[in-house]
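# Breakdown of the fold
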Amino acid sequence: MEPLERLYLDALLEDPAEPKSSLRPQLLAGARARRRPAAPTAPWAQPYAGRVAAMDALLASAVDDDWSRVIVEGWTLQELVAHLAAKDGLLAAGVGAPVLGPEIAAADSLGRTADVQAYERARSPEQTRRDWRAQADALCRHLATVPPGSTASLDGLSAPVRDHLLGRTLETWVHTDDAARVAGVRLPEPVPEHIHPTADLCARLLPWTMLLSGLDGSGRSVLVTLTGAGGGEWHVALGVEDPAPSGAPDARITAGVVEFCFLLGGRGDPDCFPARIDGDAGLARDVLRTAPALSGP
């Protein structure tokens, strides 16, 4: 992962604007000295390992003021890292990997997040960061021996462990961006080979986001074309039990791949989402409007 880390630092150094926070000067000095490569893991788990390494690089030189700054959901940076650790830990427990932090009492994401945040508030931010990274790295090493199609359960949802991990990839990516924006730091995007499988998950989730929003897309389909490095084209059946679609799609949506992933991750306004729409415009707007339905804090 050294090329990715060099790209990360180069992008920071190219930004001439100093952020209002204290994070950037410390980050530039500390990341050079203390950046750590992504954990070794199976090829299919590398997108997650890469996002963990990127978040850890951002955290490497945060000082006291940075850790207490509110990032998102009313959470400080330390509480945000605890949230990531909580959800990673639930997946780790589901696949038999080590779990750090308090004993698991709540098996749902919100309950586990509350427990881990309460636990971490009594500890230093560096301890929180250290254990989050150690748990994530242990999960990566464990997954090197796990078939990607094996079933795991997270938040009561049984799915292939590869899909659950891509969900963790997307959330870690989104929250790293949340923290970077507050710090005034510009981050490079993940490498294309990490973006593409994440986008694939997002496209495949569309029937579920519609159903969760109370819309049944059975018998209809949408062609999603995502532009930019790591993008592609997906012809998606919009009924959760529909077979793979054949024939012409009912609607077509063309958008940037990163923007689309972030829409599924709960960032951006679906009503103002920049996309080209062809065919059934009402159906396409329903697809975009319901896309963030599975996103959570």
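This section reports on the structure supplied with the text. Keep in mind that what you see is a predicted model, and the values were worked out from it rather than measured.

## Some words on the overall build of the protein chain
Summing up its helical and strand segments, the protein chain has 12 helices and eight strands in all. Restricting the contact set of the protein chain to residue pairs at least 6 apart, pairs at least 24 apart contribute 69%. As displayed, the protein chain has an accessible area near 12800 Å², and 53% of this comes from carbon and sulfur atoms.

## Observations regarding the packing of aromatic side chains
Taken as a whole and assessed by the stated rule, the structure comprises one aromatic pair. Aromatic pair Trp173 and Phe262: ring centres 5.1 Å apart, planes at 85 degrees, arrangement edge-to-face. With Trp173 in helix α8 (residues 161-183) and Phe262 in helix α11 (residues 257-264), this pair connects stretches of sequence that are 89 residues apart. Note on Trp173: relative accessible area 4%, which makes it buried. Judged by its relative accessible area of 11%, Phe262 is buried.

## Quick word on the side chain of Thr176
Looking at the secondary structure, you find Thr176 in helix α8. Discounting residues that sit within four places of it in the chain, Thr176 has contacts with Arg51, Ala54, Met55, Leu58 and Leu187.

## Looking at the packing of helix α3 (residues 46-59) against helix α5 (residues 77-95)
Here α3 crosses α5 at 160 degrees, and the two axes come no closer than 13 Å. Taken as axis vectors, α3 and α5 run roughly antiparallel relative to one another. Crossing angle aside, the handedness with which α3 passes α5 is left-handed. Contacts between α3 and α5 involve Tyr48, Met55 and Leu59 from the former and Leu77, Leu80, Val81, Leu84 and Asp88 from the latter. When its residues are assigned to classes, the contact of α3 with α5 shows seven nonpolar, no polar and one charged.

## A short note on the pattern of salt bridges
Under the criterion given, the structure shown has 21 salt bridges. Here Asp286 ties to Arg289 by a salt bridge, and the two come within 3.0 Å at their closest N and O atoms. Remark: Arg289 and Asp286 occur in helix α12 (residues 281-290); sequence separation between them is three residues, near one turn of the helix. Salt bridges sharing partners connect three or more residues here, namely Arg36, Asp56, Glu126, Arg129, Arg133 and Asp137.

## A closer look at the pairing of strand β3 (residues 151-154)
Residues Ala152 and Leu154 point to one face of β3 and are all buried, whereas Thr151 and Ser153, pointing to the other face, are not buried. The sheet contact formed by β3 and strand β4 (residues 157-160) spans four bridges and is antiparallel. The residue of β4 that forms the bridge with Ala152 is Ala159. Between β3 and β4, which pair antiparallel and follow one another directly, the connecting turn spans two residues, one of which, Asp155, has a positive phi of 55 degrees.

## Things to note about α8
Residues that lie three or four places apart on an α-helix share one face, since the helix turns once every 3.6 residues. End to end, α8 covers 33 Å across 23 residues, agreeing with the expected 33 Å (1.5 Å per residue, within 8%). Among the 23 residues in α8, 19 count as buried, and that is most of the element. Downstream of α8 by one or two residues, Gly184 has phi in the positive range, about 75 degrees.

## Here we look at the packing of α3 against α8
Between α3 and α8, the shortest axis-to-axis distance is 9 Å and the interhelical angle comes to 20 degrees. One element, α3, and the other, α8, form an angle in the roughly parallel class. α3 and α8 meet at a crossing whose hand is left-handed. The segment α3 lies against α8, with Pro47, Tyr48, Arg51, Val52, Ala54, Met55 and Leu58 engaging Leu165, Arg168, Thr169, Thr172, Trp173, His175, Thr176, Ala179 and Ala180.

Here is what the cut-offs are and how they apply
Residues numbered from 1 in each chain as written. Predicted model: local features only at pLDDT ≥ 70, side-chain atom pairs only at ≥ 80, totals over all residues. Heavy atoms only, no water. Helix = DSSP H or I, 4+ residues; strand = E, 2+ residues; numbered from the N terminus. Contact = heavy atoms within 4.5 Å. Areas by Shrake-Rupley, 256 points an atom, 1.4 Å probe, with all protein chains shown as cover. Phe/Tyr/Trp six-rings, centres within 6.5 Å; stacked < 30°, edge-to-face > 60°. Buried < 20%, exposed > 50% of the residue type's maximum accessible area, 1.4 Å probe, protein only. Axes fitted to C-alpha atoms, helices over the stretch in contact; angles between N-to-C directions. Parallel < 35°, antiparallel > 145°, perpendicular 65-115°, else oblique. Left-handed = near helix turned anticlockwise from the far one by under 90°. Nonpolar A, V, L, I, M, F, W, Y, C, P; charged D, E, K, R; others polar. Salt bridge = Lys/Arg side-chain N within 4 Å of Asp/Glu carboxyl O. Pairing = 2+ DSSP bridges. Expected span 1.5 Å × (residues − 1).

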